[in-house]
Amino acid sequence: MKKNKRSLKLRRAPIIAGPDAIGMGRGKYSRVLLKVSGESFCKTNGRGIDVDEINFLAREIKEVIETGVQLAVVVGGGNIVRGSQFSQCGVSSATADYMGMIATVVNALALQDILEKIGVQTRLQTAIPMEAVAEPFIRRRAIRHLEKGRLVIFAAGTGNPHFTTDTAAALRAVEINAQIFLKATKVNGVYDSDPTKNQHAKMYQHLAYMDVLKSSLRVMDSTAITLCMENKIPIVVCNFKKQNNIKKAVQGQKVGTLIS
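What counts, and where the lines are drawn
- Residues numbered from 1 in each chain as written.
- Predicted model: local features only at pLDDT ≥ 70, side-chain atom pairs only at ≥ 80, totals over all residues.
- Heavy atoms only, no water.
- Helix = DSSP H or I, 4+ residues; strand = E, 2+ residues; numbered from the N terminus.
- Buried < 20%, exposed > 50% of the residue type's maximum accessible area, 1.4 Å probe, protein only.
- Contact = heavy atoms within 4.5 Å.
- Areas by Shrake-Rupley, 256 points an atom, 1.4 Å probe, with all protein chains shown as cover.
- Pairing = 2+ DSSP bridges.
- Phe/Tyr/Trp six-rings, centres within 6.5 Å; stacked < 30°, edge-to-face > 60°.
- Lys NZ or Arg CZ within 6 Å of the ring centre and 35° of its normal.
- Polar contact = N/O pair within 3.5 Å; in protein donor to acceptor, adjacent residues only side chain to side chain.
- pLDDT = per-residue confidence, 0-100.
- Salt bridge = Lys/Arg side-chain N within 4 Å of Asp/Glu carboxyl O.

## Here we look at the overall build of the chain
Turning to step 1, where the next piece is worked out: Looking only at helices and strands, the chain features 8 helices and 11 strands.
Turning to step 2, where the next piece is worked out: Looking at the 260 residues of the chain, the share that counts as buried comes to 49%.
Turning to step 3, where the next piece is worked out: Within the chain, counting contacts between residues at least 6 apart in sequence, those at least 24 apart form 73% of the total.
Turning to step 4, where the next piece is worked out: Of the accessible surface of the chain, which amounts to about 13100 Å², a share of 50% is contributed by carbon and sulfur atoms.

Structure (structure tokens):
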């Protein structure tokens, strides 16, 4: 008996909006997954949480929400804990990864609080149950929140060690039927070398998924890229520090690097 070839492709249902869904068709993309790293929550080369930085990020997110786009955000935690660093210091890799996942919840709570203070309705869902502060991740509930115009924040990664936040974001993008994966970084896009070390580094305008995988470009891990490729979700990598970049990317304007 012939065995089916294994694939990372997941079944994706069409986006079906209820009568109270908002914003469908106002921009190029109506449902977006935004991944922000832990460095979005602190000053450049800093650590911890900086309120000014979160306020800037919150305002950028609010502008996207006000266009009617259904937006979900996955947050990193590297500004507080980097699991890979702790695993090199004698802490078991699984424990270090759980520490990193808990750090994302700290960032998510800070972002949620500031967003709600500026009038954005939010729901926080975590892959590790924390009923006192957040809902557990439930796919159908997350989609319903989006249809009602609420911003959904996903924290705690996949809930399992040995998976990066990028992979968690790609997985959530597939699960909520996102039309695009927007990765906000501290550089303008994807380069052929580190632009912070090489002033002559070349930025790519467009890359194919396989270009990224074959060239081992440091965009995100191969599992995240493959998930997006198998499910035909384009990826845009852009600089979150530039005002309106997130909004421009959601509207389909040329910002950063497109991977498709």
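## Notes on the pairing of strand β6 (residues 180-185)
Turning to step 1, where the next piece is worked out: Within β6, 6 of the 6 residues are buried, leaving the element largely enclosed by the surrounding structure.
Turning to step 2, where the next piece is worked out: Pairing between strand β1 (residues 31-36) and β6: 5 bridges, direction parallel. Bridge pairing in β6 places V32 opposite I180.

## Considering the packing of aromatic side chains
Turning to step 1, where the next piece is worked out: By the definition in use, this model includes 1 aromatic pair.
Turning to step 2, where the next piece is worked out: For the pair F137 and F154, a centre-to-centre distance of 5.5 Å together with 80° between the ring planes defines the contact as edge-to-face. Of this pair, F137 sits in the loop between β4 (135-136) and α4 (139-147) while F154 sits in strand β5 (residues 151-155); the two residues are 17 residues apart in sequence, bridging distant segments of the chain.
Turning to step 3, where the next piece is worked out: On the accessibility criterion, F154 (3% relative accessible area) is buried.
Turning to step 4, where the next piece is worked out: Between the NZ or CZ atom of R172 and the centre of the ring of F154, over which it lies, the distance is 5.8 Å.

## Observations concerning the side chain of E135
Turning to step 1, where the next piece is worked out: By the element assignment, E135 lies in strand β4.
Turning to step 2, where the next piece is worked out: Among the residues examined, E135 registers a relative accessible area of 18% and is labelled buried.
Turning to step 3, where the next piece is worked out: Among the polar contacts made by the side chain of E135, one reaches the side chain of Q125 at a distance of 3.0 Å.
Turning to step 4, where the next piece is worked out: Residues within four places of E135 in sequence aside, it is in contact with R123, L124, Q125, T126, R141 and H145.

## As for the confidence of the model for the chain
Turning to step 1, where the next piece is worked out: Residues at a pLDDT of 70 or more form 88% of the chain, whose mean pLDDT is 87.
Turning to step 2, where the next piece is worked out: In this model, residues 1-8 is a region of pLDDT below 50 whose contacts with residues beyond four sequence positions or in other chains number 5 contacts.
Turning to step 3, where the next piece is worked out: Confidence over residues 13-25 falls short of pLDDT 50; this stretch has 24 contacts with residues more than four positions distant or in other chains.

## A word on the pattern of salt bridges
Turning to step 1, where the next piece is worked out: One pass over the full model with this rule turns up 12 salt bridges.
Turning to step 2, where the next piece is worked out: The partner of K35 in a salt bridge is D166, and the shortest N-O contact between them spans 3.2 Å. Of this pair, K35 sits in strand β1 while D166 sits in helix α5 (residues 165-175); the two residues are 131 residues apart in sequence, bridging distant segments of the chain.
Turning to step 3, where the next piece is worked out: Classification of K35 by relative accessible area gives buried; the value is 7%.
Turning to step 4, where the next piece is worked out: Among the residues examined, D166 registers a relative accessible area of 10% and is labelled buried.
Turning to step 5, where the next piece is worked out: With its nearest N and O atoms 4.0 Å apart, the salt bridge here joins R123 to E135. Of this pair, R123 sits in strand β3 (residues 122-126) while E135 sits in strand β4, and the two are 12 residues apart along the sequence.
Turning to step 6, where the next piece is worked out: Linked by salt bridges that have partners in common, K35, D166 and K183 make up one network.

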